[in-house]
Amino acid sequence: MDKIEIHIKNIKKSYDIEFCKDFEEVKKKLKEEINNRNCLFITDDNVFRKTKFFNIFSNKKTLVLKNGEINKNFESINKILKKGFEEKLDRESLMIAIGGGVVGDMVGFASSIYMRGINFIQIPTTLLSMVDSSVGGKTGIDNEYGKNLIGTFHQPKKVLCCKEFLSTLKFIEIKNGLSEMIKHGIISKNKHLSNINNLANELKKEFKESHNSVNLINKIFNIVPESIKIKKEIIEKDETEKNIRKFLNLGHTYGHAIEILSNFKTPHGIAVAKGILCSLNESKKQKILSNNDLINEYKVLLDKLNIDYSNIFDIDSIKNAMTHDKKNTSGIINLVLVKNKGEIIMGNFTKEIGNE
Ligand code: GLY
């Protein structure tokens, strides 16, 4: 698989997600895309320090931001915009995000407001950002009221997914990404979930020992396109989350609450994995899911992948933490519920509260 084409019809925009085996291939593709235009590379100190990517691009203008969700704020956006003006970026120029979801979301947002919008390229460096945040044009920052509450929809000009980044990741980051891939597997009728299950069987030892082997990286990178294609089908039909894009939030309302209650010590992907189990259990409780088969299948898969789905928070604290979620409407906590694998519906707690 070399590339996946994304077609956003309402804004008549298409772009490619291209897959590269190493940094040299990224360099070649970037050179063609940049085509002598002025550009600014934006990354964080973690990626800058840990990967050899910037050895290849040492002569480029680069802004290095502080890493972490805590820095996903207006201060960082100001730094990006200021650097853009200092480096004389104009409306033909490019911003290039090299990082995980935090960097990608911020560069997407900054580029959407710089001179009323310029193009940007996503180079995701984590598995999570390859399969999720780099695709679909959601951009934004956090504030004291919650995550991603300020932002825009701004599609990238190109996404370059490079396998070499995966070998720089801590094992927990692999599991973070796999949780979102499993989410794609549950919302789709295709074979993605069973392919992840096959991968878990083949790589039992690696997952047991949290060992980021070459074999593991190769096998996971091979199914990244499959995961992205599930998201592609959805965002092409509903760019701005008016209807089916909401299904991609499966486990996220619970997940965000778990992240908040754990003071962000539970990483996003793991919180989503726990959140998906809460959604499945709620679906069963509301008799939307008719039996426990999918719940059991899900738990068995997570056990094989060594992903912890236990939850120490009680449902009342979770519901309380959910009240500020931006996906709520008219004070109702909206939930993504599961009827079956590949059959997703929107619901809430109203029925349950009415019964209390
Ligand atoms: N992360 C969910 C979405 O992009 O809609």
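In case you missed it, the structure is sitting above this.
Cut-offs used in this document
Residues numbered from 1 in each chain as written. Predicted model: local features only at pLDDT ≥ 70, side-chain atom pairs only at ≥ 80, totals over all residues. Heavy atoms only, no water. Buried < 20%, exposed > 50% of the residue type's maximum accessible area, 1.4 Å probe, protein only. Helix = DSSP H or I, 4+ residues; strand = E, 2+ residues; numbered from the N terminus. Pairing = 2+ DSSP bridges. Core = buried A, V, L, I, M, F, W, Y, C linked by side-chain atoms within 4.5 Å. Contact = heavy atoms within 4.5 Å. Phe/Tyr/Trp six-rings, centres within 6.5 Å; stacked < 30°, edge-to-face > 60°. Lys NZ or Arg CZ within 6 Å of the ring centre and 35° of its normal. Polar contact = N/O pair within 3.5 Å; in protein donor to acceptor, adjacent residues only side chain to side chain. Disulfide = S-S within 2.5 Å. Axes fitted to C-alpha atoms, helices over the stretch in contact; angles between N-to-C directions. Parallel < 35°, antiparallel > 145°, perpendicular 65-115°, else oblique. Nonpolar A, V, L, I, M, F, W, Y, C, P; charged D, E, K, R; others polar. Salt bridge = Lys/Arg side-chain N within 4 Å of Asp/Glu carboxyl O.

> So what exactly am I meant to see when it comes to the pairing of strand β9 (residues 158-162) here?
Side-chain positions along a regular strand alternate between the two faces of the sheet. Across the 5 residues that make up β9, a large majority, 5, are buried. Burial along β9 is two-sided: the face carrying K158, L160 and C162 and the face carrying V159 and C161 are both buried. Summarising the sheet, strand β6 (residues 119-124) and β9 pair through 2 bridges and their orientation is parallel. Within the sheet, the bridge partner assigned to I121 lies in β9 and is K158.

> What am I meant to see in the nonpolar core here?
Membership of the largest hydrophobic core comes to 76 residues, with the highest contact counts inside it found for I17, L30, F53, I96, I123 and L178. With 10 residues, helix α11 (residues 214-237) is the single largest residue contributor to this core. Among all residues touching L178, those that are not within four sequence positions of it are L127, I196, F207, I220, L305 and I307. Judged by nonpolar contacts, the second largest core, of 20 residues, contains L40, L65, F109 and I118.

> Sorry, what's going on with the packing of aromatic side chains here?
The geometry of an aromatic ring pair is captured by the separation of the ring centres together with the interplanar angle, meaning the angle of the planes. Going through the model one piece at a time under the given rule, you end up with 10 aromatic pairs. Ring geometry for F23 and F165: centres 4.7 Å apart, planes at 55°, overall tilted. Separated by 142 residues along the polypeptide, F23 in helix α1 (residues 23-34) and F165 in helix α7 (residues 163-166) bring together distant segments of the chain. Judged by its relative accessible area of 3%, F23 is buried. A cation sits over an aromatic face here: K319 above F349, 4.5 Å from the ring centre.

> How should the side chain of T43 be read in this particular structure?
Of note, T43 is situated in strand β3 (residues 39-44). Take T43: its relative accessible area is 0%, and that puts it in the buried class. Separated by 2.7 Å, the side chain of T43 and the backbone oxygen of I98 make a polar contact. Aside from chain neighbours lying at most four places away, what touches T43 is F48, F54, T62, L63, V64, L65, I98 and V103.

> How should the state of the cysteines be read in this particular structure?
Within this structure, the stated rule accounts for 0 disulfides. Here C39 is not disulfide-linked; the sulfur of C20 is the nearest cysteine sulfur, at 16 Å. Note on C39: relative accessible area 6%, which makes it buried. Free cysteine C161: the closest other cysteine sulfur is in C20, separated by 8.1 Å. Judged by relative accessible area, C161 falls into the buried class, the value being 0%.

> I would appreciate a short explanation of the sheet that holds strand β1 (residues 3-8) in the present structure.
Within a sheet, neighbouring strands are paired by backbone hydrogen bonds and run either parallel or antiparallel to one another. Strands sit in the order β1-β2-β9-β6-β5-β3-β4 across an open sheet of 7 strands; the sheet is mixed. Of all strands in the sheet, those with a lone pairing partner are β1 and β4 (62-65), marking the two edges. Taken over all neighbouring pairs, the strand axes of this sheet differ in orientation by 20° on average, direction set aside. Helix-sheet contacts for α11 involve β1, β2 (13-20) and β9, and the interaxial angle to β1 is about 10°.

> What should I look at first to understand the packing of helix α12 (residues 252-261) against helix α15 (residues 315-322) in this one?
If you want to describe how two helices pack, look at the angle between their axes and the distance between the axes. For the pair α12 and α15, interaxial distance at closest approach is 8 Å and the crossing angle is 100°. It follows that α12 is roughly perpendicular to α15 by the angle criterion. Note on element contacts: α15 touches α12 through I315, S317, I318, A321 and M322, opposite T253, Y254, A257, I258, I260 and L261. When grouped by side-chain class, the residues that make up the contact of α12 with α15 number 9 nonpolar, 2 polar and no charged.

> What's the story with unusual backbone geometry in this structure? I'm lost.
The phi dihedral of N35 falls on the positive side, at around 45°, and the residue is not glycine. Among the secondary structure elements, N35 is positioned in the loop between α1 and β3. One non-glycine residue, N306, lies in positive phi territory at about 60°. Summarising the element assignment, N306 is placed in the loop between α14 (293-304) and α15. The partly exposed category is assigned to N306, whose relative accessible area is 33%.

> Could you clarify how one ought to interpret the pairing of β3 in this entry?
Across the 6 residues that make up β3, a large majority, 6, are buried. Neither face of β3 is open: one carries C39, F41 and T43, the other L40, I42 and D44, and all of them are buried. In this structure, β3 lies alongside strand β5 (residues 94-99), joined through 4 bridges in parallel fashion. The residue bridging C39 from the neighbouring strand is L94, located in β5.

> What's the story with the pattern of salt bridges in this structure? I'm lost.
Opposite charge on two side chains permits them to pair, given that their charged atoms come into close proximity. What the rule picks out here adds up to 19 salt bridges. Linking K29 and E18 is a salt bridge whose minimum nitrogen-to-oxygen distance equals 3.1 Å. One end of the pair, K29, is in helix α1; the other, E18, is in strand β2, and 11 residues separate them in sequence. On the basis of relative accessibility, which here comes to 19%, the residue K29 falls in the buried class. For the salt bridge of E25 with K29, the shortest nitrogen-to-oxygen distance reads 3.9 Å. Of the two residues, E25 and K29 both sit in helix α1, 4 residues apart, roughly one turn of that helix. Several salt bridges converge on common partners, so that one network encompasses E18, K21, E25, K29, E33 and K158.

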